[in-house]
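In case you want the letters, here they are:
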Amino acid sequence: MSTEHTNTPRADSPQSAAEAVRGARQHAPAATPAESDPILELAEAMEGPLRIPAHTPEAVRDTVASLEKRLIGGQREFRRREVASEAGVSLHSARKLWRAMGFPELSDDEVFFTEADKKALGTMVGMVREGTLTEETAISLMRSVGQMTDRMVVWQIEALVEDMIANQNLSDRQARRQLFSLLPEIIPAIEDLLLYSWRRQLNSAVHRMALRVETGVAAYNQDRGEDDGGTPLPLARAVGFADLVSYTSLSRRMNERTLAQLVQRFEAKCAEIISVGGGRLVKTIGDEVLYVAETPQAGAQIALSLSRELAKDELFPQTRGAVVWGRLLSRLGDIYGPTVNMAARLTSLAEPGTVLTDAITANTLRNDVRFVLTAQEITAVRGFGDIQPYELSAGEGAGLVID
């Protein structure tokens with residue numbers, strides 16, 4: 001990989017976007033000086049990081065500049081080579097870390113960095129130099145922070161905009177402009193909440209890692225008469241999916257805002273139920289949620305509660321789901337392995353309003369009076385051959401209590 005900036009833009013780069021716009025307009029009638037081309041102006045603004053289009057109102061420019069100093073720790077005053085040099089690393093190594101964080105590609109002349117950026121790069125480089133982390137691990141940690149916080153920021157901004165539109169009778173554009181005034185008031189509170197939540201989540205992970213991993217794997221091995229045997233799948237978890245039936249056809253009949261509200265409500269409801277059941281929401285993919293729990297019983301309770309509670313909401317179409325107890329690998333905030341694939345396959349086989357599991361998980365749950373397991377027709381499943389699915393239903397007891 002070249003370490004130097006070149007003048008040939010990648011096909012998906014901001015530079016090529018601007019050139020494509022220019023090319024598309026080169027045979028168009030010439031604009032008079034009084035006219036403006038907003039698309040070309042936007043494409044040209046994209047050529048530099050955080051560049052503001054020329055016709056942005058002065059008040060907005062001033063607000064953005066003020067917010068920027070507060071958010072990034074001062075005035076942008078350093079170029080990439082200066083920051084890399086002070087950290088004592090090659091530009092190539094520094095760029096790998098910055099790309100992991102999601103920073104844009106910079107030229108040697110671009111003034112982009114602050115003292116806070118120098119400190120952050122020095123911290124990561126220092127841990128690599130001291131042997132605390134390898135370079136690969138440092139990049140992975142930076143990528144985790146960059147990707148998660150990017151999604152979080154987009155989520156928070158859209159939630160605030162949506163609230164302004166709904167409760168202050170503003171247009172989308174008005175809400176986004178007014179958000180500039182609101183942000184300085186709420187930045188400290190959200191920043192404190194972020195650190196609080198991260199520490200709480202890390203504490204939960206420590207408990208899972210130190211107190212429950214060995215017990216979970218031992219229970220899994222006991223059910224199957226296995227031992228670790230050098231397996232690359234170190235965690236025993238219940239893996240579950242739940243999805244909305246006929247989501248594609250439903251989405252065609254809804255406008256964008258109504259569809260967004262449906263998906264947001266689905267995710268919020270699922271997150272609440274999974275949390276009450278002691279599980280962890282791994283991710284949502286539109287109409288589908290993926291979660292894990294530390295025991296097959298907890299996973300089964302969550303699966304049944306999702307099916308029951310979502311069925312009560314008239315806004316949702318029918319749902320279907322599956323839960324499987326097995327071993328998996330956790331990487332990059334996601335989970336992998338045959339257990340995940342089996343749960344996904346069973347979800348696609350489930351009839352609307354039902355939850356399926358596999359034979360081994362069913363055998364694990366069979367003596368628990370809270371669950372009823374009904375054998376289904378043996379089915380050929382891609383990647384697994386013929387399997388015996390079981391429908392999971394509620395037995396004795398009230399299940400999870402959702403307020």
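Residues numbered from 1 in each chain as written. Predicted model: local features only at pLDDT ≥ 70, side-chain atom pairs only at ≥ 80, totals over all residues. Heavy atoms only, no water.

- Per an unreviewed UniProt entry, the protein chain goes by Adenylate cyclase and derives from Glutamicibacter nicotianae.

1. Some words on the confidence of the model for the protein chain
Keep in mind that low pLDDT regions are not for reading the predicted coordinates in detail.
Next, step 1: Chain-level statistics for the protein chain give a pLDDT mean of 83 and a share of 81% at 70 or above.
Next, step 2: No element of the protein chain has a lower mean pLDDT than helix H1 (residues 14-25), which averages 47, and none a higher one than strand E6 (residues 355-357), which averages 97.
Next, step 3: In this model, residues 1-18 is a region of pLDDT below 50 whose contacts with residues beyond four sequence positions or in other chains number 30 contacts.
Next, step 4: In the model, residues 27-34 has pLDDT below 50 throughout and makes zero contacts with residues more than four positions away in sequence or in other chains. (pLDDT = per-residue confidence, 0-100. Helix = DSSP H or I, 4+ residues; strand = E, 2+ residues; numbered from the N terminus. Contact = heavy atoms within 4.5 Å.)

2. Let's talk about the side chain of Asp358
Next, step 1: Topologically, Asp358 is positioned in the loop between E6 and helix H13 (359-365).
Next, step 2: Its relative accessible area of 11% is what places Asp358 among the buried residues.
Next, step 3: If sequence neighbours within four positions are ignored, Asp358 has contacts with Val323, Val324, Met342, Leu346, Gln388 and Tyr390. (Buried < 20%, exposed > 50% of the residue type's maximum accessible area, 1.4 Å probe, protein only.)

3. So, the packing of helix H10 (residues 256-276) against helix H11 (residues 296-312)
Next, step 1: In contact at an axis separation of 10 Å, H10 and H11 are set at 140° when each is read in the N-to-C sense. The orientation of H10 with respect to H11, classified from their angle, is oblique. Regarding H10 and H11, the two cross each other, and that crossing is right-handed. Counted together, Phe266, Lys269, Cys270, Ile273 and Ile274 of H10 and Ile302, Ser305, Leu306, Glu309 and Leu310 of H11 form the full contact between these two elements. (Axes fitted to C-alpha atoms, helices over the stretch in contact; angles between N-to-C directions. Parallel < 35°, antiparallel > 145°, perpendicular 65-115°, else oblique. Left-handed = near helix turned anticlockwise from the far one by under 90°.)

4. Regarding the pairing of strand E1 (residues 235-244)
Next, step 1: For E1, the tally of buried residues reaches 10 of 10 residues, placing the bulk of the element in the interior.
Next, step 2: In E1, alternate side chains face the same way, and those of Leu235, Arg237, Val239, Phe241 and Asp243 on one face and Ala236, Ala238, Gly240, Ala242 and Leu244 on the other are all buried.
Next, step 3: Here E1 runs beside strand E4 (residues 319-331); their pairing, made up of 10 bridges, is antiparallel. In the sheet register, Ala238 faces E4, and the bridge partner there is Trp325. (Pairing = 2+ DSSP bridges.)

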